[in-house]
Amino acid sequence: MPIRIYNTLSSQKESFVPLQADRVLMYICGITAYDFCHVGHARSAVVFDVIYRYLKYRGFDVVCVRNFTDVDDKIIKRAQEEGTESQTIAERYIEAFYEDMDKLDVIRPDYEPRATEFIPEMIALIEILIGKGYAYEVDGNVYFAVEKFSDYGKLSKRKLDDMIAGARVAVEVGKKNPMDFALWKASKPGEPAWPSPWGEGRPGWHIECSAMSTKYLGNTFDIHGGGKDLIFPHHENEIAQSEAAFGKIFARYWVHNGFVNINQEKMSKSLGNFFTIREVYERYQPEVLRLFLLTSHYRSPVDFSPESMAEAERGVERLYHTIEQVNEFAGDLSSSEQLPTSKDPEFNSLRDKINSVLTKFHDDMDDDFNTAAALGQLFDLSRALNRFQDSRSRKPTREEKKLLAQGMHRLRECANVLGLLQRSPEEFFRDQRQMLLAKLGIDEEEVEGLIAERVQARKVKDWARADEIRDKLAEMSIIVEDKPEGTRWRVKTASE
RNA sequence: GGCGGCAUGGCCAAGUGGCUAAGGCAACGGUCUGCAAAACCGUUAUUCCCCGGUUCGAAUCCGGGUGCCGCCUCCA
């Protein structure tokens, strides 16, 4: 069964057939580096990271390009505010972007070009457009004439007349049509500038993606991705530029992720209702954010809130607990052999689950990368593993250990496609504790001291004293857990 | 004004013509425990915003209504 992808261009799911049988060429619109990234940027990155991972997992040779916009009005503005160069600003936030994304386990694309590295290519492309009559120069600015491109509006499904009627922007002097957009901007004093046939200036925003995608992927490539807000004008303009210049289909499948909302409203810089990724990391582990982002389908809006993050946190904990338990029960056996049917119904039930879960996982992912459904399969398998262990009161046999190891292997294999569960449970829970201790400013030594004291009290069955200490710890947000192996403690999470 | 999307249990969220409407969180019951906590197991929607229609059959398709959101300006 082929992979099906919802294509914004056709407004429907289509069977995915790449240009070359085993190769997928994809281009993702990256960030404009002028500030720290927020959860919305994280969503886009994670969504396309999962698509990239899944296509590779299904055997495609994927070439992925994601750009950095490092010259732009907002970067210039920021640089002027700080009295520095726009390159300095871009550099700083690109570095911050990598920090945030590496923690989220977003795999770096094969190519990550920056706009300023492709000025000659952009100029060449603009010259082609002028040569073909699609663009014109006015006082050192070059504009794309949208009326000349008959397909203009095909991606965003709008007509030129409607757009002009509803336009909220003041008409810029010099433009032949208010919807014409800049390919090249004449620079004002103090702004970054490059020499060009039209004088000193800098590229417009849209042209960089046309130039860089062509450079790495050719005139026509398979998948073009980005946030829904890029559909118009950015992607519409990219299509106009590239198809006008080369007379070929630009991107074949247009994939757009939905927004991250806060209280039903789009998270955005202009509304000021955003959380940066690093703010989120102060309280939640990156993996929790990742799971949260994948619990909804990528095209739906997703509401960011403390409650939904707490849910995601519990979910990740649940999965790591399963892995921890299997490790304890079965050790680190790895076995790929097909296990025989047993007389034990519990054994067979888990065996069947392990065998069937992969197909279901694939079916879900094949259907327009339905990570929410795919995640359901992981939880299903997790529960099957727990149930099986729960049914064993004696020591597991070797066959049972093998079965559990296989189940855990499968769980991790699927989770890996989603970029989840790749750490050891110990590492996860340790990091969780460290993060919370730091966040709440709790002294670990003090906790350990009280715990030791309580262990003593329990030894002599001084329950009153033990409970007293437990209450005291609870006030410090520390929860005590008496396990058969000994007493453990953890920091209370926000959801408790 | 133009264009588009969404509405499923207490909450989040899959499912878009037909076996029992995934899964998560929460709640409750149980196992465990000195008591707890944690963990685990189990239970929890005869019903999918409302009204019509198509169909042997609809949460799923069509028409109308209500509510919410997004894009049309920089934006993942």
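If you're wondering where the values come from, they're calculated on a predicted model, not measured in any experiment.

Student: Can you break down the sheet that holds strand β10 (residues 251-257) residue by residue, with the values?
Tutor: Spatial ordering of the open sheet is given by β4-β3-β9-β10, a layout of four strands whose pairing is parallel. If you trace the sheet from one side to the other, it starts and ends with β4 (61-66) and β10, each paired once. This sheet shows a mean twist of 20° between the axes of neighbouring strands, independent of strand direction. Relative to strand β3 (residues 23-28), helix α6 (residues 207-217) is tilted by about 160°, and along the sheet it contacts β3, β4 and β9 (221-227). In the packing of helix α7 (residues 231-246) onto the sheet, contacts are made with β9 and β10, and the angle to β9 comes to roughly 160°.

Student: Would you mind going over the nonpolar core in detail, with residue names and values included?
Tutor: Membership of the largest hydrophobic core comes to 90 residues, with the highest contact counts inside it found for Phe16, Met26, Leu55, Ile223, Leu289, Phe304 and Leu418. Among the elements that line this core, the one with the most residues is helix α1 (residues 39-57), at eleven residues. Mapped onto the domain boundaries, this core takes at least three residues apiece from domain 1 (4-281) and domain 2 (306-425). Counting residues in hydrophobic clusters, the runner-up holds 43 residues, among them Phe118, Ala135, Met179 and Phe181.

Student: Which residues make up the side chain of Glu313, and what values do they have?
Tutor: Position of Glu313 relative to the elements: it lies in helix α10 (residues 306-330). Within polar-contact distance, the side chain of Glu313 engages the side chain of Arg283 at 3.3 Å. Filtering out sequence-adjacent residues up to four positions away, Glu313 remains in contact with Arg283, Tyr284, Val288, Gln432 and Thr493.

Student: So what about empty space enclosed by the protein? Which residues, and what values?
Tutor: What the rule picks out here adds up to two cavities of 30 Å³ or more. Of the volumes computed, that of the largest cavity is approximately 50 Å³. As for the largest cavity, its lining consists of Val47, Val50, Ile51, Leu293, Leu294, Ser296, His297, Tyr298, Phe369 and Thr371. Of all the elements in the fold, those that place two or more residues in the lining of the largest cavity are α1 and α9 (286-294). Broken down by element, the lining of the largest cavity gets its largest block of residues, three residues, from α1.

Student: I'd like a rundown of the domain arrangement of chain A, residues and numbers included.
Tutor: Assigned domains of chain A: these are domain 1 (4-281), domain 2 (306-425) and domain 3 (442-491). If you average the C-alpha positions of domain 2 and of domain 3, the two centres end up 33 Å apart.

Student: Could you give an account of helix α2 (residues 73-82), naming the residues involved and the relevant values?
Tutor: When α2 is considered as a whole, its buried residues turn out to be Ile75, Ile76 and Ala79. Within α2, the buried residues cover an arc of 100° as seen down the axis, which keeps them to one side. The outward face of α2, more than 90 degrees from its buried face, is lined by the exposed residues Lys77, Gln80 and Glu81. Those residues of α2 hidden inside the fold are in contact with α3 (86-103) and β8 (201-203).

Student: Outline the layout of surface pockets, supporting the account with residue identities and numerical values.
Tutor: When its volume is computed, the second largest pocket comes out at roughly 480 Å³. Along the wall of the second largest pocket there are 19 residues; nearest its centre are His321, Phe429, Arg488, Trp489 and Arg490. Those elements that provide at least two residues to the lining of the second largest pocket are α10, α14 (425-440), β14 (478-483) and β15 (486-491). Per-element tally for the lining of the second largest pocket: the top contributor is α14, with six residues. Classifying every residue of the lining of the second largest pocket gives four nonpolar, three polar and twelve charged. Residue assignment places the lining of the second largest pocket across two domains, with domain 2 (306-425) and domain 3 (442-491) each supplying three or more.

Student: Could you give an account of the packing of aromatic side chains, with specific residues and numbers?
Tutor: For the structure shown, the criterion picks out 22 aromatic pairs. An angle of 65° between the planes, with centres 5.0 Å apart, marks the rings of Phe16 and Tyr253 as edge-to-face. With Phe16 in the loop between β2 (12-15) and β3 and Tyr253 in strand β10, this pair connects stretches of sequence that are 237 residues apart. The same class applies to Phe16 as to Tyr253, namely buried. With centroids separated by 6.3 Å and ring planes inclined at 85°, the aromatic side chains of Tyr54 and Phe369 adopt a geometry described as edge-to-face. Here Phe369 lies in the loop between α11 (345-366) and α12 (371-391) and Tyr54 lies in helix α1, a separation of 315 residues in the sequence. Comparing Tyr54 with Phe369, the two get one shared label, buried.

How each quantity is defined
- Residues numbered from 1 in each chain as written.
- Chains lettered and ligands numbered in written order.
- Predicted model: local features only at pLDDT ≥ 70, side-chain atom pairs only at ≥ 80, totals over all residues.
- Heavy atoms only, no water.
- Pairing = 2+ DSSP bridges.
- Helix = DSSP H or I, 4+ residues; strand = E, 2+ residues; numbered from the N terminus.
- Axes fitted to C-alpha atoms, helices over the stretch in contact; angles between N-to-C directions.
- Contact = heavy atoms within 4.5 Å.
- Core = buried A, V, L, I, M, F, W, Y, C linked by side-chain atoms within 4.5 Å.
- Buried < 20%, exposed > 50% of the residue type's maximum accessible area, 1.4 Å probe, protein only.
- Domains from an automatic or database assignment.
- Polar contact = N/O pair within 3.5 Å; in protein donor to acceptor, adjacent residues only side chain to side chain.
- 1 Å grid on protein atoms, 1.4 Å probe; cavity = no way out; pocket = protein on both sides within 12 Å on 5 of 7 lines; lining within 4 Å.
- Points joined across faces, edges and corners; volume = space filled by probe spheres on them.
- Arc of directions from axis to C-beta.
- Nonpolar A, V, L, I, M, F, W, Y, C, P; charged D, E, K, R; others polar.
- Phe/Tyr/Trp six-rings, centres within 6.5 Å; stacked < 30°, edge-to-face > 60°.

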